[in-house]
Amino acid sequence: MREDPWTQLSLFTLLALAQQARSSGSSDPGDAVLLTSGRTLSEFLHYLRDERIARYSEANFAELEVSCRHFDTICNSPTVSDITRGTLGRFVDGLEDLPGLRKGTKMSPNTIRKHYFAVLGLLKLAIEEGELAKLPELRSADLPPPDDREPRAIPLAVLGAIYNACSTATCPQVPGVRPESWWRALMCYLYYTSVRRGHLITTCPDGYVINGLCWDRIDLESGLIRAPRAIHKCRRRETHCLPDVLRWHLERIRPTRGWADQMLSICSSDRQRHDTELAGQLVFPWYRVQGAGRGEACRFYTKKHLYHCWHAIQRAAGVKPDLEYGYYDFHEVRKSVGTAIADQYDEHVAAKMLGHSVDVFRKHYDCHALERRAAVMNSLPSFIPADQLGGMVG
């Protein structure tokens, strides 16, 4: 027999209910809405979305949805009040069995940790909302160790080969825009602004595009890009200058005005109409006009297909996947830019350009960090007598 829910309430929850009852003009806490009434983690996330819409950007909300979906699937959709340390342990174990982005691999330790800490952050908010009495946090030893591989840069010669291999691309299918021009403009934008891929193309795993950079934020005449908060990972407004090379590429992917309005006439569902209207506004719409079936036309491609095409272009350029790293990732373009800036100027300038602290830049972005440390150590004055030092150094 199920226990009466009132016996399961913590003192914190009772106080919260009493406060809610007083605010509604009632003296009985039973008149308040019972927050611990069987809400799953996904339902709690959407409750937060409705109550605190300014808390999350569109991209962050989409990532949290993925973490909640994994959690509900692996743990059989427990209510927030029933989540324990053992539940989180089963969640982490289940993530380790899921496939990774590369064929034949498992989910990476960093991705597992990202999903775990996303769930943990929601549980902290559940305590604030009175849905959870105590945070069921795992020990560090129960989590897979973070990926401590050194950051990898893409050599300029390889970037040039990938740029030329964009001529083999067959998608996206944006009316009036050649696929090779789309990919070359994307590469130049990532390189000359050092932004994340998610700032330009924000997708959910099912291909539902939430947001992205729109044409009304780009002024080709003045040479400025004013990116809104909604597409930034940290909810910051950013202004970028347009180098001449990037401006030239953007001019070649600017679609014919009104193409989306013409495509709406052949859309047969609300999803198709939504995708088509949004594609007409985006600078980099991951969009297709034709599909295997009627329901797949006039829609956005999936995020998985984006990486599939990016890897296909690299294969056409003669790039072989590294046994440890695999193919080059979009984020490695950002790391290459940061490293190049640090080489030409210094680490502080590079960290400022990328929006990170110097410590984070050194650990995750500077591909020449070890060489810089070695140069500093070799330049230290020596305490060894000069007549003995001669045979020790080259």
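All values derive from a computational prediction rather than experimental measurement.

A count of helical and extended segments in the protein chain gives 17 helices and seven strands. Put simply, the protein chain has 394 residues, and 44% of those count as buried. Of the roughly 21800 Å² of accessible surface on the protein chain, 52% is carried by carbon and sulfur atoms.

A word on the sheet that holds strand β5 (residues 238-241). Strand order in the open sheet made by the three strands is β3-β4-β5, with antiparallel pairing throughout. Two strands lie at the open edges of the sheet, namely β3 (218-219) and β5, each paired on one side alone. Pairing between strand β4 (residues 224-227) and β5: four bridges, direction antiparallel. Residue A227 lies in a different strand from β5, and its bridge partner there is E238.

This part is about the nonpolar core. Grouped together as the largest cluster of nonpolar side chains are 54 residues, with contacts concentrated most on W183, L250 and F284. Contributing elements (two or more residues each) for this core: α6 (156-165), α7 (179-193), α9 (244-251), α10 (259-263), α11 (270-279), α12 (303-316) and α13 (330-344). Among the elements that line this core, the one with the most residues is α7, at eight residues. In contact with W183, not counting residues within four places along its chain, are C166, A169, C171, P172, W286, L306, C309, W310, I313 and F330. Within the second largest apolar cluster, 29 residues are counted, among which are L45, F91, I112 and L138.

Okay, the packing of aromatic side chains next. Considering all chains together, one arrives at 16 aromatic pairs under this definition. Ring geometry for W183 and W310: centres 6.0 Å apart, planes at 10 degrees, overall stacked. One end of the pair, W183, is in helix α7; the other, W310, is in helix α12, with 127 residues separating them in the sequence. What makes W183 buried here is its relative accessible area of 0%. Judged by relative accessible area, which is 1%, W310 ranks as buried. Between Y307 and F330, the ring centres sit 5.4 Å apart and the planes meet at 70 degrees, which makes this aromatic pair edge-to-face. Residue Y307 is found in helix α12, and its partner F330 is found in helix α13; the two are separated by 23 residues along the sequence. As far as the burial class goes, Y307 and F330 line up, both buried. Three or more aromatic residues link up through ring pairs in this structure, and these residues are W182, W183, Y189, F284, W286, Y301, Y307, W310 and F330. One residue, R39, lies across the ring of Y47, its end atom 4.5 Å from the ring centre.

Another point: unusual backbone geometry. Looking along the chain, the bond that leaves C171 and enters P172 is cis, with omega of 10 degrees. Structurally, P172 is set in the loop between α6 and α7. In this model, S77 sits at a positive phi of 50 degrees, which is unusual for a non-glycine residue. Structurally, S77 is set in the loop between α3 (58-75) and α4 (85-96).

The α-helix winds at 3.6 residues per turn, so residues separated by three or four positions along the chain end up facing the same way. Over its twelve residues, α4 runs 17 Å from end to end, which matches the ideal 16 Å to within 8%, given 1.5 Å per residue. Residues of α4 that are buried include every one of T87, L88, G89, F91, V92, G94 and L95, and no others.

This part covers the packing of α7 against α9. In contact at an axis separation of 9 Å, α7 and α9 are set at 150 degrees when each is read in the N-to-C sense. The orientation of α7 relative to α9 falls into the category roughly antiparallel. The interaxial crossing formed by α7 with α9 has left-handed handedness. Here R184, A185, C188, Y189, Y192 and T193 of α7 lie close against α9, whose contacting residues are V245, L246, H249 and L250. When the residues that make up the contact of α7 with α9 are grouped by side-chain class, the tally is seven nonpolar, two polar and one charged.

This brings us to the pairing of β4. Only one face of β4 is covered, namely the face carrying I225 and A227; the face carrying L224 and R226 is uncovered. The pairing of β3 with β4 spans two bridges and is classified as antiparallel. What sits directly across from D219, in β4, is L224. Here β3 folds back onto β4, and the loop between the two strands holds four residues, one of which, G223, carries a positive phi near 75 degrees.

Turning our attention to the side chain of H115. Relative to the assigned elements, H115 resides in helix α5 (residues 109-128). If sequence neighbours within four positions are ignored, H115 has contacts with V66, S67, H70, F91, L95 and M107.

Here is what the cut-offs are and how they apply
- Residues numbered from 1 in each chain as written.
- Predicted model: local features only at pLDDT ≥ 70, side-chain atom pairs only at ≥ 80, totals over all residues.
- Heavy atoms only, no water.
- Helix = DSSP H or I, 4+ residues; strand = E, 2+ residues; numbered from the N terminus.
- Buried < 20%, exposed > 50% of the residue type's maximum accessible area, 1.4 Å probe, protein only.
- Areas by Shrake-Rupley, 256 points an atom, 1.4 Å probe, with all protein chains shown as cover.
- Pairing = 2+ DSSP bridges.
- Core = buried A, V, L, I, M, F, W, Y, C linked by side-chain atoms within 4.5 Å.
- Contact = heavy atoms within 4.5 Å.
- Phe/Tyr/Trp six-rings, centres within 6.5 Å; stacked < 30°, edge-to-face > 60°.
- Lys NZ or Arg CZ within 6 Å of the ring centre and 35° of its normal.
- Expected span 1.5 Å × (residues − 1).
- Axes fitted to C-alpha atoms, helices over the stretch in contact; angles between N-to-C directions.
- Parallel < 35°, antiparallel > 145°, perpendicular 65-115°, else oblique.
- Left-handed = near helix turned anticlockwise from the far one by under 90°.
- Nonpolar A, V, L, I, M, F, W, Y, C, P; charged D, E, K, R; others polar.

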